[in-house]
Every structure is written in C-alpha cells, then in structure tokens.
Amino acid sequence: MAYVIERYSWADAPDLWIGELQCGQFGANSCLIFNYQPTIGGGPRLHKHPYAEIFVIRSGTGLFTIGDQEIKATAGQILIVPPDTPHKFTNLGPGPLESTDIHENGHFITEWLE
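Bear in mind that the values here come from a model prediction, so they are computed numbers and not experimental data.

S.K.: Explanation requested: the environment of Leu 92 in the structure shown.
M.R.: Turning to its location among the elements, Leu 92 is positioned in the loop between strand E8 (87–91) and strand E9 (97–103). Expressed as a C-alpha distance, the spacing of Leu 92 and Gly 41, which sit 51 residues apart in the sequence, is 6.2 Å. Not counting the four nearest positions on each side in its chain, Leu 92 is found in contact with Ile 40, Thr 61, Gly 62, Leu 63 and Lys 72.

Below, the structure is given as structure tokens:
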C-alpha cells in the first residue's frame, strides 16, 4: 500500500521546510528531518545513532563535525555519517542553513553526548 503524508502532519510551520517524520509507521526503514537553522551558530549538540545518517544540504553553509573530521558543507552537497559516529553541525551563515536529514531507521534512536 502506498501512503501520501500531508504536510500538516509533519511540518512545524506552514511556510518553512521544518519538521520531522518517523516513517517506520508506514513500513519504511527511514526517518526524515527537514532542518531549518536560521541562527548563526545554531544546530544540534554532539550525538550519535546506531545507524547511518545522510545530510542533504539544500541551502546555506554549515560546519559539520563527524568523528574527528570538520567539514564545511554548502548547498548541493551530501554528507554521509556512518553508524555510531559522533556528529554535530552549526550554521556558519550568513543566512539560514537548510538540510534534509535521512536516518536509516524507522524510528529515531539518539544518544546525546553533550
């Protein structure tokens, strides 16, 4: 069976791509985060997951810490974080950082390290 998920069921704001969806309830082995970081320096603190996470940078520039690497990522780039790898990111500005973050699991499992 195919599913159509309406925007109002996952979006935090009607005019921004911001929100999340755990897709396991629909039979998919993935979760999505539509990330919108308007503040320079904004972003999640260090954490890890027991599965891979993929970041699709839609706009802006971010500094990603992935394990012992620091990567400056810009619109159009895709970053893949291996399972159990500590990671975080911050918006470098000057504008918002927008990404689609794909978790390779049907529900979120996060261990916060900071």
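S.K.: Please clarify how unusual backbone geometry should be interpreted in this entry.
M.R.: Residues apart from glycine generally show negative phi values, whereas peptide bonds are mostly found in trans. Between Gly 93 and the following residue, Pro 94, the backbone shows a cis peptide bond with an omega angle of 10°. Tracing the backbone through its elements, the reader meets Pro 94 in the loop between E8 and E9. Phi is positive for Asp 84, close to 60°, though the residue is something other than glycine. Along the chain, Asp 84 turns up in the loop between strand E7 (78–81) and E8.

Quick notes on the rules
- Residues numbered from 1 in each chain as written.
- Predicted model: local features only at pLDDT ≥ 70, side-chain atom pairs only at ≥ 80, totals over all residues.
- Heavy atoms only, no water.
- Helix = DSSP H or I, 4+ residues; strand = E, 2+ residues; numbered from the N terminus.
- Contact = heavy atoms within 4.5 Å.

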